[in-house]
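Fold and geometry: a report
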Amino acid sequence: MKLFLDTANLQEIQQAAAWGVIDGVTTNPTLVAKEGGDFPSRLAQICELVKGPVSAEVLATDTKGMIAEAKELAAISPQIVIKIPMTADGLQAVAALKEEGIRCNVTLIFSFNQALLAAKAGAAYISPFLGRLDDLGHDGVQLVQDICHVFQHYNFTTKIIAASIRHPLHVLQVAQAGAHIATLPFSVLEKMFKHPLTDQGLERFLADWQKMK
Ligand code: E4P
């Protein structure tokens, strides 16, 4: 399974890339606004820090506007994947952009049927948001399981990005479901390294070594 970092923060991306554990980056307007600065230059900097796909979201809501923005963003780097919201206009843009060889990640997916339509329109990636479903008392992991199961059944080539991940257990659950990718906030990635028995074990090894000396 691939791991993407869900951030627009350059320090976080640099650190995760140095650890050698991330395969790409996803951003969204909220994450980019948090960092401030110029969006295209930030995207170019992110593309220099990671080798894989970097998702950048359009802000237009009509098909024509999305296509125009998508072309500008895609010109920044061949790594750029255009994030398009799950709307009828969005899917029309996805189909048109696919014809031009521009890859799209359909975002804000909250139901199986939305995932199916996005794949049919030609999305290279889809992003079901499990954490936000959990927040409403629904089962986000179940949605990822359903999408993975059916997509495998019909040999869809669309890659499933489990998004809106809230904690390390989500990572295990979406890996078990068969998601191709999980996109993680930096805080979740940090937590994945940690286990108290690792810390205690290392402390004991070093103490025993000191005693022998
Ligand atoms: C995915 O691409 C989104 O940027 C992200 O996972 C949203 O997560 P949130 O629900 O924590 O904002």
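Throughout what follows, the structure given in this document is the object of discussion. This structure is a prediction, so every number in the text was calculated from the model and none was measured. (Residues numbered from 1 in each chain as written. Predicted model: local features only at pLDDT ≥ 70, side-chain atom pairs only at ≥ 80, totals over all residues. Heavy atoms only, no water.)

**Considerations on the nonpolar core**
Put simply, the rule reads: Put simply, a nonpolar core is a bunch of buried Ala, Val, Leu, Ile, Met, Phe, Trp, Tyr and Cys residues held in one set by side-chain atoms that sit within 4.5 Å of each other. Using a 1.4 Å probe on the protein chains alone, a residue whose accessible area is under 20% of its type maximum counts as buried, one over 50% counts as exposed, and one in between counts as partly exposed. Under the scheme used here, helices are H or I runs from DSSP no shorter than 4 residues and strands are E runs no shorter than 2 residues, and both carry numbers assigned from the N terminus. Every residue pair with non-hydrogen atoms within 4.5 Å of one another is taken to be in contact.
Ranked by internal contacts, the top residues of the largest apolar core, which has 57 residues, are I82, I84, V106, I126 and I165. Take this core: its biggest share by element is six residues, from helix α8 (residues 140-153). Not counting chain neighbours up to four residues away, the residues in contact with I126 comprise N105, V106, I109, A115, A118, I147, F151, T158, K159, I160 and I161.

**Some thoughts on the site of the ligand**
What counts here: The nearness test applies per residue and asks whether one of its heavy atoms lies within 4 Å of the molecule or strand. Think of a polar contact as two N or O atoms within 3.5 Å of one another; within protein, one of them needs to be a possible hydrogen donor and the other a possible acceptor, and neighboring residues in sequence only count if both atoms come from side chains. Residue-level accessible areas treat just the shown protein chains as cover; the underlying method is Shrake-Rupley with a 1.4 Å probe. Ten residue types, Ala, Val, Leu, Ile, Met, Phe, Trp, Tyr, Cys and Pro, are classed as nonpolar, four, Asp, Glu, Lys and Arg, as charged, and the remainder, Gly among them, as polar.
In the vicinity of the ligand, the contacting residues are D6, T26, N28, K83, F129, R132, A163, S164 and R166. N28 places a side-chain nitrogen or oxygen 2.7 Å from an oxygen atom of the ligand. Between an oxygen atom of the ligand and a side-chain N or O atom of R132, the distance comes to 2.7 Å. For the ligand, whose free accessible area comes to 350 Å², the fraction covered by protein is 85%. Of the residues assigned to the shell around the ligand, the class counts are two nonpolar, three polar and four charged.

**Some details on the side chain of N28**
Take N28: it is sitting in the loop between β2 (24-26) and α2 (29-35). You can call N28 buried: its relative accessible area is 13%. Within the structure, N28 has its side chain in polar contact with the backbone nitrogen of L31 (distance 2.8 Å).

**Looking at the sheet that holds strand β6 (residues 125-128)**
Pairing between sheet strands relies on hydrogen bonds along the backbone, with the strands arranged either parallel or antiparallel. For the record, the criterion: Paired strands, as defined in this entry, are two strands with at least two bridges between them according to DSSP. Axis lines are fitted through C-alpha atoms, for helices just across the contact stretch, and the angle between N-to-C directions can take any value from 0 to 180 degrees.
Around the barrel, eight strands lie side by side as β1-β2-β3-β4-β5-β6-β7-β8; this closed barrel has parallel pairing. In this sheet, neighbouring strand axes are inclined to one another by 30 degrees on average, regardless of whether the strands run parallel or antiparallel. Looking at chain direction, β2 and strand β3 (residues 54-57) are connected through two bridges and run parallel. Paired with V25 across the strands is V54, a residue of β3. Set on the sheet, helix α3 (residues 39-49) makes contact with β2, β3 and β4 (80-85); between it and β3 the angle comes to about 170 degrees. Against the sheet, helix α5 (residues 88-99) contacts β4 and β5 (104-109), and its axis sits at roughly 150 degrees relative to β4.

**Here we look at the pairing of strand β1 (residues 2-6)**
If a strand is regular, its side chains alternate between the two faces of the sheet. Here is the rule: Clockwise travel from the first strand over the helix to the second, with the strands pointing away from the viewer, marks a crossover as right-handed.
Among the five residues of β1, four are classified as buried, and the element is accordingly described as predominantly covered. Inspection of the sheet shows β1 paired to strand β8 (residues 181-184) by four bridges, in the parallel sense. For F4, the partnering residue across the bridge sits in β8 and is T183. Viewed along the sheet, the connection from β1 through helix α1 (residues 10-19) into β2 turns out right-handed.

**Observations regarding the packing of helix α6 (residues 112-121) against α8**
Filter applied, for reference: Should an angle fall under 35 degrees it is called roughly parallel, over 145 degrees roughly antiparallel, and 65 to 115 degrees roughly perpendicular, with every other angle called oblique. Helix crossings get a hand from a simple test, with the near helix turned counterclockwise from the far one by less than a right angle marking a left-handed crossing and a clockwise turn marking a right-handed one.
One can describe the packing of α6 onto α8 by two numbers: an axis separation of 10 Å at closest approach and a directional angle of 40 degrees. Classified by the angle between their axes, α6 and α8 sit oblique to one another. When you trace α6 past α8, the crossing you get is right-handed. Where α6 approaches α8, its residues F112, A115, L116 and A119 are matched on the opposing element by L143, D146, I147, V150 and F151.

**Concerning unusual backbone geometry**
A positive phi angle, near 65 degrees, is found at L108, a position not held by glycine. Mapping L108 onto the fold places it in strand β5. Positive phi values are uncommon outside glycine, yet S164 reaches one of about 60 degrees. Structurally, S164 can be placed in the loop between β7 (159-162) and α9 (168-177). With a relative accessible area of 9%, S164 lands in the buried category.

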